[in-house]
Amino acid sequence: MKIAVVGTGYVGLVTGTCFAETGNEVICVDINEEKVAAMQRGEIPIYEPHLDVLFERNIKQGRLHFTTDLASAVKDAKIIFLALPTPPGEDGSADLSYILKVAEDLGGIIQDYKVIVDKSTVPVGTAEKVTNVLKDKTSVQFDVVSNPEFLREGFAVDDFLKPDRVVVGTSSEKARKVMEELYKPFVRQGNPIIFMDEKSAELTKYAANSFLATKITFMNEIANFCEKVGADVDMVRRGVGTDTRIGPRFLFPGIGYGGSCFPKDVQALAKSGKESGYEFKILESVMETNEKQKLRLIEKVDAHYGGDIAGKTFAMWGLAFKPDTDDIREAPALYMIDALVERGAKVQAYDPEAMDNVKRLVGDKISYAESMYEALDGADALLIATEWSAFRNPDFEKISGKLKEKVIFDGRNLYELDRMRDLGYSYESIGRSMDL
Ligand code: NAD
C-alpha cells in the first residue's frame, strides 16, 4: 500500500518506518525543513532503540521517503496518517490546531478517495471535527479513522511491530477493510484489532494513559505513606503486584510521571470532562499528587542539609523522563534542576542520550559531564533521576572516591538498602528507610 505519514516525531517516524518494514511504500512529511533534510541524508533525528536499523534498511530498499511537500506526499497515497503534536493549550485542553490545519490543507489537495487516519492523541469528537473541516473544502470522498497509538518511547519499535492490540475507530466498512489489511502483518500472533466507533477509540487512548498515570501515582502515595509508618514499599509492591487482578507492572514508586503523554493526556481528559459537565475528581487528585512527587527528592535533600543547600554541588544521573529515550518533555529532572539552582546549588549532570536536548533548553544553567563518574567530581552528593541500566550496578568505590561525602538521593530505588548500609552510605530513596 502507498502511505503518507504527516509529522515525523516519535510516533510518525516509528509508524512510517514500521509500515515500510512490512513492504508498504511510505512517504513521511514534516514542516521542519532541517529535520527532513537530515532524514533525506539518512540521519535519524531521534534516539529510539532498534529504529536506526529499520530506518536505514527501508531507505536503502526505496520504501521510505521524506519530504516537506504535503501535496506530493499524499498524491498517490491511499492512507494518510496524521501523527501531529497535540500539546496542552493554555486551559489544559488538547490543542488541535496542528491537526485541523493539516485537515484544511488536505481538503484543498486530495483528488481521490483517501483514508485519513488520526494517530495523534485527541479528544472525543475530533474525527468529527476533521471530517467537517475536510467537507467544507472538498467534495472528494474520504473517511476519517481514529487509530490511537499505544507505543512506549524506548520500546517503540517492538510495541509497534508486536502491539498488544490495535484500536481502530471507524463507522465506514471501506475504511475498516483498508485498516485490517494494513495491520494484519502486525497481529499474526493473534493479538486483536479491536474495531469500534470513532469516539470510543479516541477515549480509549485517554482512558489507558490516565489509568496508568493513576496506577503510578497511587503507588507513589503508598510509598510516601510507607516512609511515615516505617514500611518498605518494595515489599508492599511485591505483595500487591502478585495479585493477578493488579499485576506487577507500573507499580514502581519514584519521583512522578513525566514525558510528552501522561501529563498532557491526564490534564486533557480532566478538561474534556469539565467541558461535558463531568468532574474527574480522581484525575484532579492524580495531577496534584504528581506535581508534589516531582520534588519529593528535593524535600529529602532539604531535610538532609537542614534547608540550606546554597553553594553545594550535586551530581545528577539521568535527565530523560525515563530510560532508553532522549525525550525530556516534562521530565522530573528538569523540575529538580530548577529547584536546586533556585536554592543556590550547582548541578553537574550526566545522561547517556538526553544531554543535547537539555543543553538546548537550559543552556549553562547547569554543567554537563562526559561520563557518569565525571559528573561526581567534587560533588557533595549524587541525585538519581532516571533509571538507565548503566546506573544500576555502578562502582561504589569510584563513587565514594569522587564525592565529598557518601551521600546518595535515589529517586528510582536502584540499590538494595542492605548493600548501601554495608558500604556506609547515607542513602535516601522513595518509600524505603535505612532504619528498617
Ligand atoms: P513530536 O512532537 O515528537 O512530533 C511531531 C512532528 O510533527 C514534529 O516533527 C513536527 O515538526 C511535525 N509537524 C508539526 N506540524 C506539522 C505540519 N503542519 N505538517 C507536517 N509536520 C508537522 O510528537 P510525538 O511525540 O510523535 O506525538 C505525536 C502525537 O502522538 C501526539 O498527539 C501524542 O500525544 C501522540 N502519542 C505520542 C506518543 C509518544 O510516546 N511520544 C505515544 C502515543 C501517542
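Residues numbered from 1 in each chain as written. Predicted model: local features only at pLDDT ≥ 70, side-chain atom pairs only at ≥ 80, totals over all residues.

Where an unreviewed UniProt entry is consulted, the protein chain appears under the name UDP-glucose 6-dehydrogenase, with the organism given as Luteibaculum oceani. The record held by UniProt for the protein chain lists under Sequence similarities (unreviewed entry) the comment "Belongs to the UDP-glucose/GDP-mannose dehydrogenase family." (UniProt positions renumbered as here; feature names shortened; annotations may be inferred.)

Colleague: I'm lost on the domain arrangement of the protein chain in this one. Help?
Modeller: One widely used convention gives an interface's size as the accessible area the parts lose upon coming together. Split into domains, the protein chain comes out as domain 1 (2-196), domain 2 (206-292) and domain 3 (294-428). Its C-alpha centre places domain 1 at a distance of 29 Å from the equivalent point of domain 2. Contact residues are listed per partner, giving ten residues for domain 1 and eight residues for domain 2. Its residues assigned to classes, the side of domain 1 that touches domain 2 shows six nonpolar, three polar and one charged. (Domains from an automatic or database assignment. Contact = placed C-beta atoms within 7 Å. Nonpolar A, V, L, I, M, F, W, Y, C, P; charged D, E, K, R; others polar.)

Colleague: I would appreciate a short explanation of the sheet that holds strand β10 (residues 346-350) in the present structure.
Modeller: By definition, the strands of a sheet pair up through backbone hydrogen bonds, in either a parallel or an antiparallel sense. With parallel pairing, the six strands of this open sheet are ordered in space as β11-β10-β9-β12-β13-β14. Since the sheet does not close on itself, it has two edges, and those belong to β11 (367-368) and β14 (426-428), each with one partner. Looking at chain direction, strand β9 (residues 313-317) and β10 are connected through five bridges and run parallel. What sits directly across from Thr313, in β10, is Lys346. (Pairing = 2+ DSSP bridges. Helix = DSSP H or I, 4+ residues; strand = E, 2+ residues; numbered from the N terminus.)

Colleague: Any chance you could explain the confidence of the model for the protein chain here in plain terms?
Modeller: As a general rule, the predicted coordinates of low-pLDDT regions are not to be interpreted in detail. Overall, the predicted model of the protein chain reaches an average pLDDT of 97, with 100% of residues at or above 70. With a pTM of 0.95, the predicted complex shows an ipTM of 0.99. (pLDDT = per-residue confidence, 0-100.)

Colleague: What is the right way to look at the nonpolar core in this model?
Modeller: Inside soluble globular proteins, nonpolar side chains tend to come together where they are buried. Residues Ala4, Val6 and Ile80 are the most contacted members of the largest nonpolar core, which totals 79 residues. The residues that make up this core include at least three from each of domain 1 (2-196) and domain 2 (206-292). Residues contacting Ala4, with those up to four places away along its chain left out, are Ile27, Val29, Ala73, Val74, Ala77 and Ile80. In terms of nonpolar packing, the next biggest core, distinct from the first, is built from 44 residues, Leu319, Leu376, Trp388 and Leu403 among them. (Core = buried A, V, L, I, M, F, W, Y, C linked by C-beta atoms within 7 Å. Buried ≥ 20, exposed ≤ 12 C-beta atoms within 10 Å, placed from the backbone.)

Colleague: I'm lost on the UniProt feature "domain: UDP-glucose/GDP-mannose dehydrogenase C-terminal" (unreviewed entry) in the protein chain in this one. Help?
Modeller: Per the UniProt entry, the sites bearing "domain: UDP-glucose/GDP-mannose dehydrogenase C-terminal" (unreviewed entry) are residues 315-417 in this numbering. Note that residues 315-417 is 26% helix and 17% strand, and that its end C-alpha atoms are spaced 21 Å apart.

Colleague: Explanation requested: the UniProt feature "binding site: substrate" (unreviewed entry) in the protein chain in the structure shown.
Modeller: With numbering matched to this structure, UniProt assigns "binding site: substrate" (unreviewed entry) to Phe150, Leu151, Arg152, Glu153, Lys205, Phe250, Leu251, Phe252, Pro253, Gly254, Gly258 and Lys322. On the basis of their most widely separated C-alpha atoms, the annotated residues across 173 residues do not gather in one place, lying as much as 23.7 Å apart. Relative to the assigned elements, Arg152 resides in the loop between β6 (142-146) and α7 (156-161). Inspection of the secondary structure assignment puts Lys322 in the loop between β9 and α14 (332-342). Judged by the 20 C-beta atoms lying within 10 Å of it, Lys322 falls in the buried class.

Colleague: What's the story with helix α1 (residues 10-21) in this structure? I'm lost.
Modeller: An α-helical segment advances 3.6 residues per turn. Residues three or four places apart therefore align on the same side. Under the 1.5 Å per step criterion, the end-to-end length of α1 is 17 Å for twelve residues, consistent within 8% with the ideal 16 Å. For α1, a buried count of twelve out of twelve residues is recorded, marking the element as mostly surrounded by other parts of the structure. All of the buried residues in α1 are Tyr10, Val11, Gly12, Leu13, Val14, Thr15, Gly16, Thr17, Cys18, Phe19, Ala20 and Glu21. Within two residues after α1, Gly23 carries a phi angle of roughly 95°, on the positive side. (Expected span 1.5 Å × (residues − 1).)

Colleague: Looking at this structure, I do not really get the pairing of strand β1 (residues 2-6). What am I missing?
Modeller: Along a regular strand, successive side chains alternate from one face of the sheet to the other. Burial of β1 is extensive: four of the five residues sit out of reach of the surface. Traced from β1 through α1 to strand β2 (residues 25-29), the parallel crossover comes out right-handed. Note: β1 against strand β4 (residues 79-82), four bridges, orientation parallel. From the neighbouring strand, Ala4 faces β4, where its bridge partner is Ile80. (Right-handed = clockwise from strand over helix to strand, strands pointing away.)

Colleague: Please clarify how the pairing of strand β8 (residues 193-196) should be interpreted in this entry.
Modeller: Sheet analysis places strand β7 (residues 166-169) next to β8, joined by four bridges and oriented parallel. What sits directly across from Val167, in β8, is Ile194. With helix α8 (residues 173-183) bridging β7 and the parallel β8, this β-α-β connection has right-handed handedness.

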